[in-house]
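The primary structure of each chain is shown beneath.
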Amino acid sequence: MQRYPMTPEGHAALEAELKQLKTVDRPRITNAIAEAREHGDLKENAEYHAAREQQGLCEARIRDIEAKLGGAQVIDPAKLNQDGRVVFGVTVVLENIENGEECRYKLVGDDEADFKTGKISVNSPIARGLIGKSEGDDAKIQTPSGLVEFEILEVIYE
């Protein structure tokens, strides 16, 4: 069985999405299909076909979320050994050694990743280059724009 690492916030977000899909979206789509059926000939009924497609997408997402929640490995970084090492769930403050720019990333599961909000997948090249390192260490990370060297300024377990 595949394990899906996620933070408590990511787990809660998936549970909320699943509840939304099952209690709001699924009944709405079922009603749309029933309404479209009332219009007669299903072969040329665009509303019916669109609703059926929506139903398929909704059911696929429900199955996907249920599988991920079933294999969820919820890791709360606040409960980890806080020894300054970079591990799943921590927030890392980095300094680009070349230009002095600081950046901040939280290492999260694949479903939680959102680069715009500073959340990167633990499977991303940056995260893989940081895992296991400690505050004060340098990390050389291969990015699409070339090799970048970062200094780990702070590891925050929140």
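For the structure, check the block above.
The notes below deal with the structure included here. Sequence order as written defines residue numbering, which begins from 1 separately in each chain. For a predicted model such as this one, the threshold for reporting local features is a pLDDT of at least 70, and the threshold for listing and counting side-chain atom pairs is 80 or more; totals across whole chains, interfaces and linings nevertheless cover every residue. To obtain the side-chain values, all non-hydrogen atoms of the structure were used and water was disregarded.

Within this document, salt bridges are pairs made up of a side-chain nitrogen of Lys or Arg and a carboxyl oxygen of Asp or Glu, the two lying within 4 Å of each other. Using the criterion set out here, one finds 9 salt bridges in the structure. A salt bridge links D64 to R61; the nearest nitrogen and oxygen atoms lie 2.8 Å apart. Linking D64 with R61, this pair stays in helix α2 (residues 46-70), spanning 3 residues, or about one helical turn. Relative accessible area serves as the criterion here: at 28%, D64 is assigned to the partly exposed category. Taking the shortest distance from any N to any O, the salt bridge between K68 and D111 comes out at 3.0 Å. Of this pair, K68 sits in helix α2 while D111 sits in the loop between β4 (102-108) and β5 (119-121), and the two are 43 residues apart along the sequence. With a relative accessible area of 40%, D111 lands in the partly exposed category. Linked by salt bridges that have partners in common, E17, R61, D64, K68 and D111 make up one network. Starting at the N terminus, helices and strands are each numbered in turn, a helix being any DSSP run of H or I of at least four residues and a strand any DSSP run of E of at least two. A simple rule labels every residue: compare its accessible area, found with a 1.4 Å probe on the protein chains alone, to the largest value its type can have, and call it buried under 20%, exposed over 50%, or partly exposed in between.

Another aspect to go through is the pairing of strand β7 (residues 146-156). Criterion used throughout: strands pair if DSSP finds at least two bridges between them. Where strand β3 (residues 91-96) lies against β7, 6 bridges are found, and the strand directions are antiparallel. Bridge pairing in β7 places T91 opposite I156. Examined bridge by bridge, strand β6 (residues 138-143) and β7 share 6 bridges and lie antiparallel to one another. Bridge pairing in β7 places I141 opposite V148.

Turning to the packing of helix α1 (residues 8-37) against α2, a few remarks are in order. Fitted lines through C-alpha atoms serve as axes, helices being fitted only where they are in contact, and the angles separating the N-to-C directions of these axes extend from 0 to 180 degrees. Relative orientation of the contacting elements α1 and α2 amounts to 160 degrees, with a least axis distance of 9 Å. Here α2 runs roughly antiparallel to α1, going by the angle between their axes. At the point where α1 passes α2, the crossing takes the left-handed sense. As a working rule, the residues Ala, Val, Leu, Ile, Met, Phe, Trp, Tyr, Cys and Pro are called nonpolar, Asp, Glu, Lys and Arg charged, and the rest polar, with Gly in that last group. Residues of the contact of α1 with α2, tallied by class, amount to 13 nonpolar, 3 polar and 13 charged. Comment on the angle field: the value is read as roughly parallel under 35 degrees, roughly antiparallel over 145, roughly perpendicular from 65 to 115, and oblique elsewhere. Take the far helix as the reference: if the near one is turned anticlockwise from it by less than a right angle, the crossing is left-handed, and if turned clockwise, right-handed.

All right, on to the environment of I131 then. Along the polypeptide, I131 turns up in the loop between α3 (125-130) and β6. The sequence separation of I131 and R104 amounts to 27 residues, and the corresponding C-alpha distance is 15 Å. Two residues form a contact once any of their heavy atoms are found within 4.5 Å. Beyond its immediate stretch of four places on either side in the chain, I131 contacts V86, V87, F88, L107 and V122.

Most of β4 is tucked away: 5 of the 7 residues are buried. Both β3 and β4 contribute to a ladder of 5 bridges, which runs antiparallel. If you follow T91 over to β4, its bridge partner there is K106. The pairing of β4 with β5 spans 3 bridges and is classified as parallel. Of the residues in β5, the one forming a bridge with V108 is S121.

Fair warning: the whole summary comes from geometry, so function is off the table for now.
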